Amino acid sequence: MQFDPFVIPFNIGLYFILIYAVVRCVLWFRDLSRADKLRLQRGFFGRPFAKSLKEIFMESLIHRKILKSNFRLGYMHMSLAFGWFLLILFGTIEADIFGTRHLNPPYKAIFFKFFNPEHGRNGIEAFYAFIMDFLLAFILSGLLLAVIKRFSSRVVGMKKTTRLKTLDKVALTSLWLIFPSRLLAESFTSAAYDTGSFLTGSLGSVFASFLPVNELAYPFWWLYSISLGTFFILLPLTRYMHIPTELFLIFARNSGIRTGDHYGAFTEIQTYSCSSCGICIDTCQLNLSTGITDIQSAYLLKGIRNNEDVKDIANNCLMCGRCDQNCPVGIELTPIRMIMRREPETKSGDNGFFEKYFPSHVKIPVPKTNGSLVYGWLPAVKTTKAEVLYFAGCMTHLTPAIKKSMIKILDAAGVNYNFMDEEGGVCCGRPLMLAGKYKQARELINYNSKIIKQSGANILVTSCPICYKVFRESYYLNIDVYHHSQFINSLINEDVLRLRFLRKKITYHSPCELGRRSGVYAEPKEVLKHVGRLQLTRHEDENAYCCGGSLGNMHISYAQKKKIASDAAKDLTRNNPDILATACPLCKKTFSPVTETPVADIAEIVAEAIILSHPDKKNYSKVISLKEPVDISE
Amino acid sequence: MKNKVIVIGGGTAGMEVAGQLAKHDCTVTLLERSAETGGHVRDWYHLFPDRKDSREVINYLENLIRHKSISLFTDTDVNDIVRENDFFVVRTSDGKELQADAIVVSTGFDLFRSERKEEYGYGIYDNVISSADLEKMFRNDEIKLQNGNIPSKIGMVHCVGSRDEKVGNVYCSKLCCVTAVKQAIEIVKRIPEAKVFCFYMDIRMGGALYEELYKEAQQDYGVNFIRGKVSEVSQDIDNKLITKVEDTLTGRPLKIGLDMLVLMAGMEMAESGQKIALSAELDTGENRFFKATDLHYGSNKSNKNGIFYAGTCTAPMNITETISHARAAVIDVIDYLNDRSN
Amino acid sequence: MSNFGFTLLKARRIDYDANDRSIADFIHDNEPSFRWCIECGCCSATCTSGNYIGFSLRELQILLKRGENEEVKEKIFNCMLCGKCILVCPRGVNTRNVIALAQEAFKNKKQHAV
């Protein structure tokens, strides 16, 4: 009784998937950049290793993040992942202790009951059988939820569930069959031998009362084995590839590897790590406010995996980063989308059978442009010297209240500044990047960089979070870049700006580009606490809404933007603040028409609160270094 | 027994309705939420197209409502309107409960609050004013900048709060074009050396004698017309208002430094009217104005039998049209009352 | 037949019948708000690029609608996509998408021509 032919499908599947996973990891490793290879090597033998193990336990098995955001969905994922893991673990121990010998091949653990039908009659054996039955029940309860979710996604608290392709359906069916067939196979065997614990034992006796359990057991062991084998062999072609890939992703990420702005092995690893859980669909305001449900990150990644044209999906997004924050796997969804918006640099190989298992990427030669500039007509750079440069940004010219307030604040604090784009400037380049036009953006970046460098300034202050993000991340400036909320905060801390308390209730809306995309949450709020009573909502920091006015989305109409804005504004003003504060001219412009609550930029509120003492202009020179904002990478 | 009618809103339309109903043997209660009747006309100096002093119209209306069958309550806001069997009960902010056989809503319009168009700098820059502010200056006979100087270059911005999706008003307020021309003429009359520039998208001179006024402004007053919507305004060190517009007829961007900028504020459904619409369940259109049962032959009738509309609570109108609309409402009310008693 | 010299100069007149309006159609099919423009010029007045070089979206879009594509094909790439125009447009035209689509159309045309 050491072997039976029915284990062959399982064995083939198992060894196939193990070898496949190793090969795939080696290929991915090979495709990493040199620097990333080094990071991974260092990470693998260093402290990140322990961190990764912990993360694998907490996220890949327990699914802590999903549990936190949606308990029932989390339970479903946990019961399948953690339950199955425990079943294998305990199964192996069981086979080791109670089996005929130690160190068994894996199939012995999986099909233990078949090979040891008499097991579980007494004492410790019975207790162990109880544990195994319990784990099976645990998994089956999750499976039940999964089946219900497929047919009515409301039950697990999700509004939308992802749509599947055919192969996924086959794999899903085989996955669904695994545990029921094990249940039945074990029950029948238990009934035949009068063993089995509370689940398989009792179910077995029920079946035995009206079914020929002796004859039925064997086919169901075959079914169990075939389900497992099929699932393993199809796994690389389906979303379940996320199971092995996620492990690799966790190691890579904890070693410090980030997406960057080109398609590479890490992008692909992230793409395959998506389990299509659909949480990104639930948090997406395009779904919540405008009912657009086919462009969310899960679909983007699926499209990339299936080698489809994802341009339209990639472009129809607010780039607010809410899905990044909520992704339980921690995939850098928005940076990946940024990459997919660019002109493709690589092309996936043909969709032949082999390529399905090992997609190859062909580099597309970037067409030479003969060095001709798109914006070659921009005038030669002329700058005057300055200590501090103030760059209002294009949008801020349409919100003169912000501009005027900033001038008042800078003057009151005695800052020796130069208004860089007083008469209008050149765009910072970020909107072009958001549209996937990096080459054009680079031209504007170079142009503005020249102005900034020639001015000799060591501080750059901007009123626009869009500009702020690109100044800090994509300009190679050896200079401190501040959003005005940070700068005002430093002025207050240095005591060069005296403010009175306005006795107003203020709710703060964190702009996407400043908050989620640049990690600046604290300073704006600190400033507001100086001048008013900050009222918190359910949408603070990472959970902030997008105003809907985003330049990231060129697809949706004005009416749709307005709908997103008014839904968000309604929620934000629920506890009737006196002011809805923000720190972005675009957010202000977007919110103003859709709410009765006055909308104001932080700069306006501060300017109103200034106690005018005539500063003796000594003030500012010493202030300057703020801490580097937290590292967030794109 | 005389029929009782409550008229809500004591502006041009409400006063006309009240006066005419009283003449036709009704007892009228006229409710006005501010301290005095007359509505927006009281804030205006001259009326287009003949530059008649608005006080003449006010005098006419005041005489009209000086009638024994009209009781006027000022400083009275309407909380809600309830139908009870055959009559209506109107509850007011000061706790009155008034009964009536029919109601005429004449809540009028609100002038668009120009600060909502932030890029024009109203409330931010010193010398950006609204058309209503300019009328006050005319009345007080001092067209001056904040620093006391007399302006010499003045811009009139058409369509502020009208035909603008971004402030939620897609409709044309239809009176601002002619108001701009009338005001431009008045400015040049008072400051002959002043240059006035009208920035327009389209000049809409649909009323009687409007086009003639337009020509007069060009011919006799040298008013300049530049076809382009102002996009943004900034202020330079000399307090000049740097105004940016595309001169669409030459196809080139145009920048001009002005001393004063006058924003031609459009007309919006009055907030008080919106409140009544909600409480009395009266239909409003996409443009938020009351929606009459038919645009052609039912423009005074609401979706509630016995409640009628008069004047600019249904659409932007000039004074001539408002008075005609109010008189038409009176016919509908009398018809309704007669039908009921038969 | 002798030529009396009254032939109109071809270049001056928009030949509506002969002109190719496929680019305008392409833009409209993908961005319906393309048709909403009322030529107010707000977009060009506020335009960042327009400060430096002849770039008027108002002008370019009407030229496309008339099929005068030659005048547009290079100028359309002067845009910086900064988005000011989309904020000021009183008709709610999705200006940035109009420009992006026009650019795409001209690029595709060029590729097909090669």
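Just so it is clear, the structure is predicted and the values come from calculations on it, not from any experiment.

**Comments concerning the overall build of chain C**
Moving on, step 1. In terms of helices and strands, chain C carries five helices and zero strands.
Moving on, step 2. Taken from N to C terminus, the helices and strands of chain C fall in the order α-α-α-α-α.
Moving on, step 3. Contacts in chain C between residues at least 24 apart in sequence constitute 70% of all its contacts with a sequence separation of at least 6.
Moving on, step 4. Carbon and sulfur atoms form 55% of the exposed surface of chain C, whose accessible area is close to 6100 Å².

**A closer look at the packing of helix α5 (residues 71–98) of chain A against helix α8 (residues 123–151) of chain A**
All names here are of chain A.
Moving on, step 1. Look at α5 against α8: their axes get within 8 Å of each other, and the N-to-C directions meet at 155°. Overall, the two elements α5 and α8 adopt an arrangement that is roughly antiparallel. As α5 packs across α8, the resulting crossing turns out to be left-handed.
Moving on, step 2. When the residues that make up the contact of α5 with α8 are grouped by side-chain class, the tally is 22 nonpolar, five polar and four charged.

**Some remarks on the environment of B:Phe199**
Residue and element names in this part refer to chain B.
Moving on, step 1. If you trace the backbone, Phe199 turns up in strand β13 (residues 195–200).
Moving on, step 2. On the basis of relative accessible area, Phe199 is assigned to the buried category, the value being 1%.
Moving on, step 3. For the pair Phe199 and Ser324, spaced 125 residues apart in the sequence, the C-alpha separation amounts to 31 Å.
Moving on, step 4. Apart from residues no more than four positions distant in its own chain, Phe199 is found in contact with Gly155, Met156, Val157, His158, Ile226, Gly228, Val230, Val245, Ile256 and Leu258.

**Some remarks on the interface of chain A and chain C**
Moving on, step 1. Between chain A and chain C, the residue contacts involve 27 residues of the former and 24 residues of the latter.
Moving on, step 2. Carbon and sulfur atoms supply 65% of the area buried between chain A and chain C, which totals about 2100 Å² over both sides.
Moving on, step 3. Area buried by chain A at its contact with chain C is led by A:Trp377, A:Leu398 and A:Met554, which between them contribute 30% of it.
Moving on, step 4. Here chain A is connected to chain C by zero salt bridges.
Moving on, step 5. The interface formed by chain A and chain C includes eight residue pairs in polar contact (both at pLDDT 80 or more).

**Quick word on the sheet that holds strand β7 (residues 87–92) of chain B**
Residue and element names in this part refer to chain B.
Moving on, step 1. Within the open sheet, the three strands sit side by side as β6-β7-β8. Their pairing is antiparallel. Both outer strands of the open sheet, β6 (78–84) and β8 (97–100), are each paired with one neighbouring strand and no more. Adjacent strand axes in the sheet meet at a mean angle of 20°, parallel and antiparallel pairs treated alike.
Moving on, step 2. Looking at chain direction, β7 and β8 are connected through four bridges and run antiparallel. Looking at the pairing, Arg91 lines up with Glu97 of β8.

**Regarding the nonpolar core**
Moving on, step 1. In this structure, A:Ile409, A:Leu460, A:Ile488 and A:Leu497 are the most contacted members of the largest nonpolar core, which totals 131 residues.
Moving on, step 2. Non-local contacts of A:Ile409, meaning those with residues more than four positions away in its chain, are made with A:Ile488, A:Leu491, A:Leu497, A:Ala603, A:Val606, A:Ala607 and A:Ile610.

**Quick word on the environment of A:Thr462**
All names here are of chain A.
Moving on, step 1. With respect to the helices and strands, Thr462 occurs in strand β5 (residues 459–462).
Moving on, step 2. When neighbours within four sequence positions are excluded, Thr462 is seen to be in contact with Phe391, Ala392, Cys467, Tyr468, Phe471, Tyr482, His483 and His484.
Moving on, step 3. Here Phe391 takes part through its backbone oxygen, which lies 3.0 Å from a polar atom of the side chain of Thr462.

**Observations regarding the domain arrangement of chain B**
Residue and element names in this part refer to chain B.
Moving on, step 1. Along its sequence, chain B is organised into domain 1 (3–108 + 270–341) and domain 2 (114–266).
Moving on, step 2. One C-alpha centre belongs to domain 1, the other to domain 2; they are set 32 Å apart.
Moving on, step 3. Between domain 1 and domain 2, the contact holds 18 residues from the first and 25 residues from the second.
Moving on, step 4. Regarding the contact of domain 1 and domain 2, the summed buried area is about 1800 Å², with carbon and sulfur atoms giving 55% of it.
Moving on, step 5. A per-residue breakdown of the area domain 1 buries against domain 2 is headed by Tyr45, Phe48 and Arg51, which together make up 38% of the total.
Moving on, step 6. Across the pair Glu216 and Arg51 runs a salt bridge, and its minimum N-O distance is 3.4 Å.
Moving on, step 7. The tally of links from domain 1 across to domain 2 stands at 12 residue pairs in polar contact (both at pLDDT 80 or more).
Moving on, step 8. Those elements that place two or more of their residues in the side of domain 1 that touches domain 2 are β3 (46–47) and α2 (54–65).

**Topic: the interface of chain A and chain B**
Moving on, step 1. Facing 14 residues of chain A, the contacting portion of chain B comprises 12 residues.
Moving on, step 2. When chain A packs against chain B, close to 1100 Å² is buried across both sides, 48% of that on carbon and sulfur atoms.
Moving on, step 3. Counting across the interface, chain A meets chain B through two salt bridges.
Moving on, step 4. For A:Lys588, the salt bridge identified is with B:Glu118, shortest N-O distance 2.7 Å.
Moving on, step 5. Between chain A and chain B we count four residue pairs in polar contact (both at pLDDT 80 or more) in total.
Moving on, step 6. Mapped onto the side of chain A that touches chain B, the elements with two or more residues apiece are α21 (400–412), α27 (558–572) and α28 (585–591) of chain A.
Moving on, step 7. It is α21(A) that provides the largest number of residues to the side of chain A that touches chain B, a total of five residues.
Moving on, step 8. Within the side of chain A that touches chain B, the residues separate by chemical class into six nonpolar, two polar and six charged.

**Overview of the sheet that holds strand β14 (residues 224–227) of chain B**
Whenever strands of a sheet pair, they do so through backbone hydrogen bonds, lying parallel or antiparallel.
Residues and elements named next belong to chain B.
Moving on, step 1. Here we have five strands laid out as an open sheet, ordered β11-β18-β12-β13-β14, and parallel in their pairing. The sheet is open, and its two edges are formed by β11 (128–130) and β14, each paired on a single side. Between one strand axis and the next, the sheet turns by 25° as a mean value, whatever way the strands run.
Moving on, step 2. Bridge analysis of strand β12 (residues 153–160) against β13 gives five bridges, and the strand direction is parallel. Considered in β13, the bridge of Lys153 is made with Lys195.
Moving on, step 3. Contacting β11, β12 and β18 (260–265), helix α3 (residues 131–140) runs over the sheet at an angle of about 85° to β11.
Moving on, step 4. The sheet contacts of helix α4 (residues 176–190) involve β12, β13, β14 and β18, and relative to β12 the element is tilted by about 170°.

**Some points on the packing of aromatic side chains**
Residue and element names in this part refer to chain A.
Moving on, step 1. Applying the stated rule across the entire model yields 49 aromatic pairs over all chains.
Moving on, step 2. Ring centres of Phe90 and Tyr128 lie 6.1 Å apart, and the angle between their planes is 55°; on these two criteria the pair is classed as tilted. Taken as a pair, Phe90 in helix α5 and Tyr128 in helix α8 lie far apart in primary sequence, 38 residues in all.
Moving on, step 3. Since its relative accessible area comes to 23%, Phe90 is described here as partly exposed.
Moving on, step 4. Geometrically, the ring pair formed by Phe231 and Phe232 is tilted, given 6.1 Å between the ring centres and 50° between the ring planes.
Moving on, step 5. For Phe232, a relative accessible area of 13% translates into the label buried.

**Side note on the pairing of β5(A)**
Residue and element names in this part refer to chain A.
Moving on, step 1. Neither face of β5 is open: one carries Ile459 and Val461, the other Leu460 and Thr462, and all of them are buried.
Moving on, step 2. For strand β3 (residues 388–391) and β5, the ladder comprises four bridges, and the chain directions are parallel. In the sheet register, Phe391 faces β5, and the bridge partner there is Thr462.
Moving on, step 3. Crossover connection from β5 via helix α24 (residues 465–473) to parallel strand β6 (residues 480–483): handedness right-handed.

**What to know about unusual backbone geometry**
Moving on, step 1. With an omega of -5°, the peptide bond running from B:Phe48 to B:Pro49 counts as cis.
Moving on, step 2. By the element assignment, B:Pro49 lies in the loop between β3 and β4 (52–53).
Moving on, step 3. In this structure, A:Asp495 takes a positive phi of about 65° despite not being glycine.
Moving on, step 4. Relative to the elements of secondary structure, A:Asp495 occurs in the loop between α25 (484–493) and β7 (505–508).
Moving on, step 5. For A:Asp495, a relative accessible area of 44% gives the class partly exposed.
Moving on, step 6. The phi dihedral of B:Asp141 falls on the positive side, at around 55°, and the residue is not glycine.

**So, the side chain of A:Ser405**
Residue and element names in this part refer to chain A.
Moving on, step 1. With respect to the helices, strands and loops of the structure, Ser405 is situated in helix α21.
Moving on, step 2. Assessed through its relative accessible area of 9%, Ser405 is described here as buried.
Moving on, step 3. Within the local environment of Ser405, its side chain forms a polar contact with the backbone oxygen of Ala401, the two atoms lying 2.6 Å apart.

**Considerations on the side chain of A:Asn116**
Residues and elements named next belong to chain A.
Moving on, step 1. Positionally, Asn116 belongs in the loop between α7 (112–115) and α8.
Moving on, step 2. Judged by its relative accessible area of 17%, Asn116 is buried.
Moving on, step 3. With residues near it in sequence (within four places) discarded, Asn116 still touches Phe98 and Gly99.

Rules behind the numbers
- Residues numbered from 1 in each chain as written.
- Chains lettered and ligands numbered in written order.
- Predicted model: local features only at pLDDT ≥ 70, side-chain atom pairs only at ≥ 80, totals over all residues.
- Heavy atoms only, no water.
- Helix = DSSP H or I, 4+ residues; strand = E, 2+ residues; numbered from the N terminus.
- Contact = heavy atoms within 4.5 Å.
- Areas by Shrake-Rupley, 256 points an atom, 1.4 Å probe, with all protein chains shown as cover.
- Axes fitted to C-alpha atoms, helices over the stretch in contact; angles between N-to-C directions.
- Parallel < 35°, antiparallel > 145°, perpendicular 65-115°, else oblique.
- Left-handed = near helix turned anticlockwise from the far one by under 90°.
- Nonpolar A, V, L, I, M, F, W, Y, C, P; charged D, E, K, R; others polar.
- Buried < 20%, exposed > 50% of the residue type's maximum accessible area, 1.4 Å probe, protein only.
- Buried area = accessible area lost by both parts, 1.4 Å probe.
- Salt bridge = Lys/Arg side-chain N within 4 Å of Asp/Glu carboxyl O.
- Polar contact = N/O pair within 3.5 Å; in protein donor to acceptor, adjacent residues only side chain to side chain.
- Pairing = 2+ DSSP bridges.
- Core = buried A, V, L, I, M, F, W, Y, C linked by side-chain atoms within 4.5 Å.
- Domains from an automatic or database assignment.
- Phe/Tyr/Trp six-rings, centres within 6.5 Å; stacked < 30°, edge-to-face > 60°.
- Right-handed = clockwise from strand over helix to strand, strands pointing away.

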